Amino acid sequence: MSAKAKNKLTPQQRKATLNRVLHKIRPYSAFVVCSLLVAAVSVAAQLYIPILCGDAIDKMLGKGNVDLAGVLRIAVSILVVAAAAALAQWLLSVCNNRITFSVSRNLRNEALRKIQTLPLSYLDSHPSGDIVSRMVADVDTFADGLLMGFTQLFSGILTIFGTLLFMLRENVPITLVVVCITPLSLVVAGFLAKRSYGYFQSQSTVRGKQTALVNEMIEGQKVVQAFGHEAESLAAFDEVNGQLQEVSLKAIFFSSLTNPATRFVNNIVYAGVGLVGALYAVRGGITIGQLSVFLSYANQYTKPFNEISGVVTELQNALACAARVFELLDAEDQVPEAENAAALQPDGHVQLQDVSFRYLPDRPLIEGLSLDVQPGQRIAIVGPTGCGKTTLINLLMRFYDVNSGSIKVSGTDIRDVTRASLRGSYGMVLQDTWLRAGTVRENIAYGKPDATMDEVIAAAKAAHAHSFIRRLPEGYDTVIAEDGGNISQGQKQLLCIARVMLCLPPMLILDEATSSIDTRTEVRIQKAFARMMQGRTSFIVAHRLSTIREADVILVMKDGHIVEQGNHDQLLAQGGFYAKLYNSQFEGVQT
Amino acid sequence: MNRMLGYLKGYKRESVLAPLFKMLEATFDLFVPLVMADIVNVGIAAHDFHYILVRCGLLLLLAFVGLTCSLTAQYFSAKAAVGYSTALRHALFAHIQSLSFSEMDTLGTSTLITRMTSDVNQVQSGLNLFLRLFLRSPFVVLGAMVMAFTVNARAAMIFVVTIPLLSVVVFGVMVITRPLYKTVQTRLDRVLGLTRENLTGVRVVRAFDKEQSEIDRFEDANALLTGMQLHVGHLSALMNPLTYVLINLAIVALLYVGSIEINVGGMASGDVIALVNYMNQILVELVKLANLIVQISKALACAGRVQAVLDTKPGMTFPAELLGEVAADKTGDAVRFDHVGLTYAGAGAPSLTDISFTAKKGQTIGVIGGTGSGKSSLVNLIPRFYDATEGSVEIFGRPVASYPRDALRGRVAVVMQKAQLFGGTIRSNLLWGNKDATDADLWAALETAQAADFVRAKPLGLDEPVEQGGRNLSGGQKQRLTIARALVGKPDILILDDSASALDYATDAALRKALAALPGALTVFIVSQRAASLQHADQILVLDDGHLVGIGTHSALRSSCPVYEEIYESQFKKGEAEA
């Protein structure tokens, strides 16, 4: 229910969203027209059948007074009309399915295309769970709402008016009885909905509270046990659990009143029609058959009303979901490539000239950084965790654009070359070892799908990954699960290295962080890194002293700023932050 | 399932009354067509106004009594379902608390959370539906048939034929489409997986310039999904038209039989109206029943998952009282490992192999080794978070298994690697260590943990709110608070499991100094990757791949233990020499 609260759109938004939804449906307008047509046929046929039944009943007036041939004739008509109605119903579903699922497929495709062109700044600042839920759950809810809308809204309206028309044709006063009492069910349903909405809201608040508590306690379960805190946390849980019981009971009870209440109203309508109809029939105003038509209409007349009120909520919900999807589709794209962007011919020469960059306008990060990296040089980036070492990688790969200054590769500003050629010039191994759900081979050949098996094996050998891959159950055809659960963190990193090895570009960006990797694998990763770096310009987020000492330039970062730069000896001599960082390890020895 | 039903115990009355009242309501509903038939056959035929009026009053009465029954049923059913799920959640939470670390590892946190929340909710709505509808729908279907027999036996035979036919269509379509819907779900999961992959791997995708191939891949998966959705959609769309045709065939048959019967005086036209009405009711209820079965089978699947958690037996039992005697030669021992090995449940290889050492009361023991070398596994055996699979672990001269849970955990305090605080205040968190601690105790612990300064700087001091998970505190602050929390309990053994990693070296050193200055013979285990943090320990245990490869003081190990030497060198020596 809380989802519904946040689903509220302003009337303008609703209108704008509706227009866009209609626009998305336009390619399927043939199906829409067909759907409306068959809906009309189906409704008309379904309403006609009670009338035929009534006619049939009027042909059986009593003992010895039955027009059997007439009944049979009508029976045949009923069958024909029923068949037509059934066919129309099926076609209606087919059309509506086609429209709905095509539109939602298109939306998803569009959204995924959008993801590929969104700037990293958008993707980094929006939780991926949120984007996934827009693309999957919201599109789904939207589709459900749309389907229901198409299936029930139009037929519902047609049924209401059709019934009214048929009834008026037969008898006005009885129609008035139906028309006057039926709205009562809407009033009752509306009242109950409003009442239970409040309870549902408090239910979802308490549920949220409980989920948060459960989350906290179960995640901290080991601490709970370590401190023998079980009884207290159970007591805290029971308190919320008791609150939940109270509000849930009210919410569930009130919401479950709607059906009995509308059924009650329906029964009153039925009795009313029975009374007035019977009185008319006694006077000969209507036949028994006509009375039966009224009775069967009265039985069903509340149904379309209830359906439509349900559909309206459902449609509002669908629109809100659509609005969230559109919000994603409307996000600003990354800066498009220059029209004459050339392919980069990298020679390993990288220049940063007076580069300034900030993620947030009011929080300067990198200010006036200049750096001239000759081909084959190694740049180590060091600093405490969370100091923003990845920022530089973001700029080099042009995941983000600099705010001022420029970055040049081989003397060309990276904004003047194609992104593909720039990124293709770097081999990147990040700490976050991303592999896709697929086989080991597919993963290694990610950058070069047409690589031969020999090439893949050679890359794996160079990355020291071959021996463990061979020991996997299916070797190179072993499927890595979506969460990569079936291989270790270190093995994942080796696969990421092999992936780069296969199409080894002239420049490298490496992240040394090897937490949660066992020592032997770590040695392998080191070897693989060393092999890759030979003769290549390399930027390394460094964690090991040996790497740092051997670097040509060390960039020392602190709180997102580059505070010092130089080689190991220069920096030590400077006696600044680097020297402090380096020497701090000896404080323990001295005290 | 028996055990699951046990939680319904307090709601026996409600769970019997709910379906009962539902059936009463259905019974009253079933009388309506008969009354109407009387109105037609008797009232209209005889032009009897009074009769018509009375019968219509009866209709209203039936409607009202039906409503009352139905409301009563809804209330009892809601009460039983909600009460049941409340009891179930309580039992589940209590049960999870009794599980040991080993079972928690196997089950996994996120699973447990889903079981406790959405699974239990599903069970609740399943039960609610079951109580309300599961008896009602079949009752109406059969009831309508019985009523038909009271009207006219020949006509009722049409019901006997139609009901099975309708059931075949309704359930047949369901049986065919159910597995297909599962396929839809699998394909939707695939689409979801690809989406997630594209988001988490966006840097790699762009680094390799694979945007277009990712789009193609996604569109293929998406097309498969849509294809399946359409296929299932078209199949399940058959249900309504098919049943509609069947029902109308039956109605035509009723009209035919009716006209013959009327012709010979076997029944009246009002009866035909009643029979057609019953026929229509049957369809509505069968469709409801089919949907209900889907809902309930979902709820049963959830119930099965909840049951699986409840069936997980705690793998550890604790004695109610302290057992055994302390041998005279062990009175000075704090912790003693004797050829200890540990293999985690489900793991292929042991995490600890043949570990033996003795820590004397008051000693500081350092534990060092690479990632995954078994440091945490070793210290986790001391408070008996896990049981050693080989050898024995003794605390103060007695096997760990001879201590009652509270006594053991009261004497051994662990500060875990992941600093975990709970929603409340700083005070409420510290009081976990000891409910009865005074403010002076709390401040003393904070001083030792090097946390007093920043707590004092908070506007509300000890009453400063802590958000769930301690989100509003920095990593270093959280770590120091968890250390203080452990100290509040005045333990005899304190284990710091790499819990000073977010502290800078100066604070780390000050903490060690303060711990050493504490009165009494506190035995401290410090697990660390920094050799500097352990240099002054009385003994350092060096672990490599689960084996104890060195034990001794810093200076002794430097000359005798190559692994220690390697760790030490990587952190200081080479840098110093070459700098």
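Cut-offs used in this document
- Residues numbered from 1 in each chain as written.
- Chains lettered and ligands numbered in written order.
- Predicted model: local features only at pLDDT ≥ 70, side-chain atom pairs only at ≥ 80, totals over all residues.
- pLDDT = per-residue confidence, 0-100.
- Helix = DSSP H or I, 4+ residues; strand = E, 2+ residues; numbered from the N terminus.
- Contact = placed C-beta atoms within 7 Å.
- Pairing = 2+ DSSP bridges.
- Axes fitted to C-alpha atoms, helices over the stretch in contact; angles between N-to-C directions.
- Buried ≥ 20, exposed ≤ 12 C-beta atoms within 10 Å, placed from the backbone.
- Domains from an automatic or database assignment.
- Nonpolar A, V, L, I, M, F, W, Y, C, P; charged D, E, K, R; others polar.

**Digging into the confidence of the model for chain B**
Residues and elements named next belong to chain B.
Next, step 1: When pLDDT is averaged along chain B, the result is 88, and 97% of the positions lie at 70 or above.
Next, step 2: Summarising per-element confidence for chain B, the mean pLDDT is lowest in helix 21 (residues 562-578) (63) and highest in helix 3 (residues 49-98) (94).
Next, step 3: Predicted confidence for residues 573-579 stays below pLDDT 50, and this span has seven contacts to residues more than four positions away or in other chains.
Next, step 4: Both scores are available for the predicted complex, with the pTM at 0.77 and the ipTM at 0.83.

**Quick look at the sheet that holds strand 2 (residues 366-373) of chain A**
Residues and elements named next belong to chain A.
Next, step 1: With antiparallel pairing, four strands are arranged side by side in an open sheet as 2-1-4-5. Every interior strand has two partners, whereas the edge strands, strand 2 and strand 5 (412-413), have only one.
Next, step 2: Looking at chain direction, strand 1 (residues 350-357) and strand 2 are connected through five bridges and run antiparallel. If you follow V355 over to strand 2, its bridge partner there is L369.
Next, step 3: Against the sheet, helix 13 (residues 389-396) touches strand 1, strand 2 and strand 4 (404-409), its axis set at about 115° to strand 1.

**Side note on the sheet that holds strand 12 (residues 561-566) of chain A**
In any sheet, the strands associate via hydrogen bonds between backbone groups, in a parallel or an antiparallel arrangement.
All names here are of chain A.
Next, step 1: Strand order in the open sheet made by the six strands is 6-9-10-3-11-12, with mixed pairing throughout. Lying at the two open borders of the sheet, with one neighbouring strand each, are strand 6 (426-429) and strand 12. Put simply, the sheet's adjacent strands are angled 15° from each other on average, direction ignored.
Next, step 2: With four bridges connecting them, strand 3 (residues 378-382) and strand 10 (residues 537-541) associate as parallel partners. When the bridges of strand 10 are listed, R378 appears paired with S538.
Next, step 3: Along the sheet, helix 13 makes contact with strand 3, strand 9 (507-511), strand 10 and strand 11 (553-558), crossing strand 10 at roughly 150°.

**Focus on the pairing of strand 10 (residues 523-527) of chain B**
All names here are of chain B.
Next, step 1: Within strand 10, five of the five residues are buried, which leaves it mostly tucked inside the rest of the structure.
Next, step 2: As paired strands, strand 3 (residues 364-369) and strand 10 are joined by four bridges and run parallel to one another. Bridging across to strand 10, I365 finds its partner in F525.
Next, step 3: When strand 9 (residues 493-497) meets strand 10, the two strands line up parallel, connected through five bridges. Looking at the pairing, I493 lines up with T523 of strand 10.

**Notes on the domain arrangement of chain B**
All names here are of chain B.
Next, step 1: Considered domain by domain, chain B is made up of domain 1 (1-151), domain 2 (153-266) and domain 3 (329-578).
Next, step 2: Tallying the contact residues gives five residues for domain 1 and six residues for domain 2.
Next, step 3: Split by residue class, the side of domain 1 that touches domain 2 holds five nonpolar, no polar and no charged.

**Considerations on the interface of chain B and chain A**
Next, step 1: Contacts between the two partners involve 119 residues from chain B, matched on the other side by 116 residues from chain A.
Next, step 2: No other element matches the 24 residues that helix 3 of chain B contributes to the side of chain B that touches chain A.

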